Structure formats: structure tokens, C-alpha cells
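Letter by letter, the chains look like this.
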Amino acid sequence: MYELFSGGVPGADRATAAASMQGMHALPISWVEPADIANAVAWLASDEARYVTGVALPVDGGMTAPYKIPHG
């Protein structure tokens, strides 16, 4: 499975895929964790988000950002 996320590198492992995936995000992370998604859902269901309506809330580490900040 990791070969799909690491440019087809034969025998790719989690670390290889993580390095490839990190380059696709504006933040220096490889992927978001399930807890990050759960926290966004919990916030949307809370009173603090009572005036938030009809909005897309991407929790993607900046993957859909139009400009990527170089990091290294």
C-alpha cells in the first residue's frame, strides 16, 4: 500500500511514504491524525461553532492551500 503514496517505490514502508507525503502539505507533517478530524467535528458540534453555517472546513494540514511554504 505504501508504494502508492511514495511514487511507486518498490517495497516502500511507512517511513518512505511519510517522507513523500510531507512534501504535499503546507505544514511539516506527513498526514493528519484521526484525532485531528475528531477535534474538528467536536468543535463544529460545540456551542463555540453555533454561528458557523455552510462552510467547508478542510482538516488537511494545508494540502489544499494554493501556496506551499517551503520547509526543510
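Keep in mind the model is a prediction, meaning the values are calculated, not measured. (Residues numbered from 1 in each chain as written. Predicted model: local features only at pLDDT ≥ 70, side-chain atom pairs only at ≥ 80, totals over all residues. Heavy atoms only, no water.)

**Notes on the overall build of the protein chain**
Line of reasoning, step 1. A count of helical and extended segments in the protein chain gives two helices and zero strands.
Line of reasoning, step 2. Here the C-alpha atoms of the protein chain give a radius of gyration of 15 Å, more than 25% beyond the 11 Å that 2.2 N^0.38 yields for 72 residues.
Line of reasoning, step 3. When the backbone C-alpha atoms are referred to their principal axes, the protein chain occupies close to 50 × 25 × 20 Å.
Line of reasoning, step 4. Considering the protein chain as a whole, with its 72 residues, one finds that 18% of them fall into the buried category.
Line of reasoning, step 5. For the protein chain, the share of sequence-separated contacts (at least 6 apart) that also reach a separation of at least 24 residues comes to 37%.
Line of reasoning, step 6. Of the accessible surface of the protein chain, which amounts to about 5,400 Å², a share of 64% is contributed by carbon and sulfur atoms. (Helix = DSSP H or I, 4+ residues; strand = E, 2+ residues; numbered from the N terminus. Rg over C-alpha atoms; globule rule 2.2 N^0.38 Å. Buried < 20%, exposed > 50% of the residue type's maximum accessible area, 1.4 Å probe, protein only. Contact = heavy atoms within 4.5 Å. Areas by Shrake-Rupley, 256 points an atom, 1.4 Å probe, with all protein chains shown as cover.)

**Structural notes on the environment of Ser 30**
Line of reasoning, step 1. Relative to the elements of secondary structure, Ser 30 occurs in the loop between helix H1 (14–22) and helix H2 (34–44).
Line of reasoning, step 2. With 12 residues separating them in the primary sequence, Ser 30 and Ala 18 have C-alpha atoms 5.0 Å apart.
Line of reasoning, step 3. When neighbours within four sequence positions are excluded, Ser 30 is seen to be in contact with Ala 18, Met 21, Gln 22 and His 25.

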